[in-house]
Each structure stands twice: as C-alpha cells, then as structure tokens.
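The primary structure of each chain is shown beneath.
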Amino acid sequence: MDLITEPGTPEGNLAGKLEESGLQPYKPEFTSFQVKVDEVVTGEEVSSNINLIYNSEFRGLYPNLSRE
C-alpha cells in the first residue's frame, strides 16, 4: 500500500524530503485473515465471515491465527 504522496500534501512533502536524504517513504504491509464467527458475546449478530486486518509490524504481538 502506498500512502498518498501527491505534491503539496504533508505526505508528499515528507516523501520528497525522505527521497532527498536517500531514504524510502514508509510503505506499510498488512496481514489479513477471514474468520467465521461461531458465537457473538455482545453486540449485533454476524451472519457471515469477517475480515481481520492489521499492520504486519504488529505480527507476533497478537495471538497466532491459523487455518483449521
């Protein structure tokens, strides 16, 4: 995923400064899982699968999700 780096935006200005100094702009990677909800403890019912998406930098901080 590329963050918006249009000229004149704060992100664009930061990307330009980073490139001038020889660094690359931050490009986050995401990990996603599709999970089936077996039970809703509180809130509205879920009728299908849901997507869990998180920044890959947090890998290892969350429980290890696996496919069964």
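Going by the structure above, here's the rest.
These numbers were taken from a predicted model, which means no experiment stands behind them.

Explanation requested: the overall build of the chain in the structure shown.
Along the chain, the regular secondary structure elements total 1 helix and 2 strands. Reading the chain from its N end, one meets helices and strands in the order α-β-β. Of the roughly 6,300 Å² of accessible surface on the chain, a fraction of 50% belongs to carbon and sulfur atoms.

Explanation requested: a nonpolar patch on the surface in the structure shown.
A grouping of V46, I50 and L52 is seen on the molecular surface, where their side chains present a nonpolar patch of about 190 Å² in accessible area. Considering the arrangement of structural elements, one finds L52 in strand β2 (residues 50-55).

How should I be thinking about the side chain of N55 in this particular structure?
Its location among the elements puts N55 in strand β2. According to the relative accessible area criterion, N55 is buried, its value standing at 15%. Separated by 2.8 Å, the side chain of N55 and the backbone nitrogen of E57 make a polar contact. Beyond its immediate stretch of four places on either side in the chain, N55 contacts Y26, P28, E29 and F30.

Help me understand the side chain of S56 in this model?
In this structure, S56 sits in the segment after β2. By relative accessible area, S56 is classed as buried at 13%. Residues within four places of S56 in sequence aside, it is in contact with E29, F30 and T31.

The rules we used
- Residues numbered from 1 in each chain as written.
- Predicted model: local features only at pLDDT ≥ 70, side-chain atom pairs only at ≥ 80, totals over all residues.
- Heavy atoms only, no water.
- Helix = DSSP H or I, 4+ residues; strand = E, 2+ residues; numbered from the N terminus.
- Areas by Shrake-Rupley, 256 points an atom, 1.4 Å probe, with all protein chains shown as cover.
- Patch = residues over 30% accessible without salt bridge, like charges linked within 9 Å, V, L, I, M, F, W, Y side chains within 5 Å.
- Salt bridge = Lys/Arg side-chain N within 4 Å of Asp/Glu carboxyl O.
- Buried < 20%, exposed > 50% of the residue type's maximum accessible area, 1.4 Å probe, protein only.
- Polar contact = N/O pair within 3.5 Å; in protein donor to acceptor, adjacent residues only side chain to side chain.
- Contact = heavy atoms within 4.5 Å.

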